[in-house]
Amino acid sequence: MIAKLEPEFMPMAKVINVFKAAVANAESQELVIAVERNGGLTAIYRMDMYKENTGHDEENYGIAERIIKTLLWAKGGYKVYIGGSKYIYDRIAADYSVGGAREFDFNFMARVYEKPFEVVYVADIAEMPAENDAASPVGRHLDGCRIGFDAGGSDRKVSAVVDGETVYSEEVVWFPKLQSDPMYHYEGILNAMKTAASHMPRVDAIGVSSAGVYIDNKIMVASLFLKVSDEDFEKHVKTMYLDVAKEIGDVPVEVANDGDVTALAGAMSLEDNNVLGVAMGTSEAAGYVDKDGNITGWLNELAFVPVDFNKGAMVDEWSGDYGCGVKYFSQDAVIKLAPKAGIELDEALSPAEKLKIVQGLMEQDDPRAADIYDTIGTYFGYTIAYYSMFYDIKHVLIMGRVTSGKGGVILLSKANEVLEKEFPELSKKIELHIPDEKARRVGQSVAAASLPKIK
């Protein structure tokens, strides 16, 4: 199926399936990719590729490079092992280096995992590291008196939850991304928690949902602290949630990425597992709950995962890479497609204001706006098929301001149509949902509160 306003869109799932089919009818060899993250946890991806030096080395590299990028941003890691192809190893090692094409990813992963980024060649596939994954059984604990805190970029929410019932909840507007003094963040978080604590006889546990990357409850990277210097980040930010919690009492604390907590909230409301949550807002945020109802500790930073194989696709300004999710499943996608739909937007407006104009047209059933959501729905149907190569999915929750109103309904319907026509087996297995507003707002803070287990 063609993406209505972007016919040049080359879906990753389709490109990989065409590659696999061609390789199956040619002289081939196996390539094994392993990506290692904290604690020796390792994700493995195996694929057949054309035999080297048969005129297809560039095609092999093109597919392998996109899959390695996907593994890094979906699962996370600081060490990439490449087994079975010296050619692909040489190209990838050059990409992931200072001055290389993937220097952004190289630096980001080194910062997250606090280890130098490495690409390792393994000549004999039999000597590749083994798959090693471990999900944490966090969440769904509703006993006792709990604080659930949800740190957003424009407001912070806190709930006091007693035996699974929210007894108090508040939303406070704040501006964390504009503040360079970490005390602003510290005091805001502490005030929220003290307020929630005042509505309960005691505090037994604290759960935090926050945008960013968290390892062992420490803040590794988070846009909330955008303006904070590296020195202050190390000194005052990295352990901020743990430090605030100590002021409330000696209780268990669990900090998780907001995408994972959203997926957990969805799993709790659906009473099922294998849930991928995708929020389309300022960027694309995601989270995942596995078959056992656990959060995996994967990065799930799908904004940086490639979804379009077309090298002429729009480039993400931050990472410098083309065809990544942020330009397909966020307000950037709507703004990118508006002129192609014949909608002129005033350049002086903010991205959020531009989105509102398109949504206003959509509420009036403007066919140009409908074409934008139809196109994003096509992107999404194909991309769910691509994500399913890395995640075992039964439910996809679609959230975020881009999906609100009539546009979200068109998006969902089109994504379902793509799955039914192009991936009928997947379509039977995967259900797409847009949660209602109440489930989204209340569910998130209750799910956050449920993260820690009381000792």
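Keep in mind the model is a prediction, meaning the values are calculated, not measured. (Residues numbered from 1 in each chain as written. Predicted model: local features only at pLDDT ≥ 70, side-chain atom pairs only at ≥ 80, totals over all residues. Heavy atoms only, no water.)

Draft legend 1. Fine view of the sheet that holds strand 2 (residues 42-50). The strand order across the open sheet formed by 4 strands is 2-1-3-4, and the pairing between neighbours is mixed. Looking at the sheet topology across the chains shown, the edges are occupied by strand 2 and strand 4 (118-122). Each neighbouring strand pair of the sheet contributes to a mean axis angle of 20°, computed without reference to strand direction. Sheet strands in contact with helix 1 (residues 12-24) are strand 1 (28-36) and strand 2, and its direction is about 55° off that of strand 2. Its contacts with the sheet place helix 3 (residues 86-95) against strand 1, strand 2, strand 3 (79-83) and strand 4, and it is angled at close to 170° to strand 4. (Pairing = 2+ DSSP bridges. Helix = DSSP H or I, 4+ residues; strand = E, 2+ residues; numbered from the N terminus. Axes fitted to C-alpha atoms, helices over the stretch in contact; angles between N-to-C directions. Contact = heavy atoms within 4.5 Å.)

Draft legend 2. Spatial organisation of the packing of aromatic side chains. Evaluated as defined, the whole model comprises 30 aromatic pairs. Measuring from centroid to centroid gives 5.5 Å for W298 and Y391, while their planes differ by 65°, and the two rings are edge-to-face. One end of the pair, W298, is in the loop between strand 13 (284-289) and helix 9 (331-341); the other, Y391, is in the loop between helix 11 (367-387) and strand 14 (395-399), and 93 residues separate them in sequence. Each member of the pair, W298 as well as Y391, carries the same accessibility label: buried. One aromatic cluster is present, built from ring pairs that chain together F9, Y328, F329, Y379, F380, Y382 and F423. The ring of W298 carries K75 above its face, with NZ or CZ at 4.2 Å from the centroid. (Phe/Tyr/Trp six-rings, centres within 6.5 Å; stacked < 30°, edge-to-face > 60°. Buried < 20%, exposed > 50% of the residue type's maximum accessible area, 1.4 Å probe, protein only. Lys NZ or Arg CZ within 6 Å of the ring centre and 35° of its normal.)

Draft legend 3. Spotlight on the environment of I82. Relative to the assigned elements, I82 resides in strand 3. Separated by 167 residues in sequence, I82 and G249 place their C-alpha atoms 47 Å apart. If sequence neighbours within four positions are ignored, I82 has contacts with L31, V32, I68, I88, Y89, I92, V119, V120, Y121, V122 and M128.

Draft legend 4. Molecular detail of the pairing of strand 6 (residues 155-162). Of all 8 residues in strand 6, 7 are buried, a share of seventy percent or more. Where strand 5 (residues 145-151) folds back on strand 6, the antiparallel hairpin that results is connected by 3 residues. The sheet contact formed by strand 6 and strand 7 (residues 165-173) spans 8 bridges and is antiparallel. For V161, the partnering residue across the bridge sits in strand 7 and is T166. Following strand 6, the chain reverses through 2 residues before pairing antiparallel with strand 7; D163 in that reversal takes a positive phi of roughly 50°.

Draft legend 5. A look at the pattern of salt bridges. One pass over the full model with this rule turns up 34 salt bridges. D321 is the salt-bridge partner of R66, the closest N and O atoms lying 2.8 Å from each other. Note that R66 is positioned in helix 2 (residues 57-74) and D321 in the loop between strand 13 and helix 9, a separation of 255 residues in sequence. Comparing R66 with D321, the two get one shared label, buried. In this structure, D155 and K157 form a salt bridge, with 3.2 Å as the shortest nitrogen-oxygen distance. A cluster of three or more residues bridged by salt bridges with shared partners is formed by E65, R66, K69, R102, D105 and D321. (Salt bridge = Lys/Arg side-chain N within 4 Å of Asp/Glu carboxyl O.)

Draft legend 6. The sheet that holds strand 5, seen in detail. Taken together, the 5 strands give an open sheet; going across it, the order is 7-6-5-8-11, and neighbouring strands pair in mixed fashion. Here the strands that pair on one side only, and so sit at the sheet edges, are strand 7 and strand 11 (253-257). Averaged over neighbouring strand pairs, the angle between their axes works out to 15° when direction is ignored. Against the sheet, helix 7 (residues 240-248) contacts strand 5, strand 8 (205-210) and strand 11, and its axis sits at roughly 150° relative to strand 8. Against the sheet, helix 8 (residues 258-270) contacts strand 8 and strand 11, and its axis sits at roughly 95° relative to strand 11.

Draft legend 7. Representation of a nonpolar patch on the surface within the structure. Nonpolar side chains collect at one region of the surface, where V173, F175 and L178 lie side by side and expose about 330 Å² of accessible area between them. With respect to the helices and strands, V173 occurs in strand 7. (Patch = residues over 30% accessible without salt bridge, like charges linked within 9 Å, V, L, I, M, F, W, Y side chains within 5 Å. Areas by Shrake-Rupley, 256 points an atom, 1.4 Å probe, with all protein chains shown as cover.)

Draft legend 8. Local environment of the side chain of H395. Checked against the element boundaries, H395 lands in strand 14. For H395, a relative accessible area of 6% corresponds to the buried category. Within the structure, the side chain of H395 is placed 2.9 Å from the side chain of D272, a separation counted as a polar contact. Residue contacts for H395: discarding those within four places in its chain leaves L270, D272, N273, N274, V275, L276, E431 and H433. (Polar contact = N/O pair within 3.5 Å; in protein donor to acceptor, adjacent residues only side chain to side chain.)

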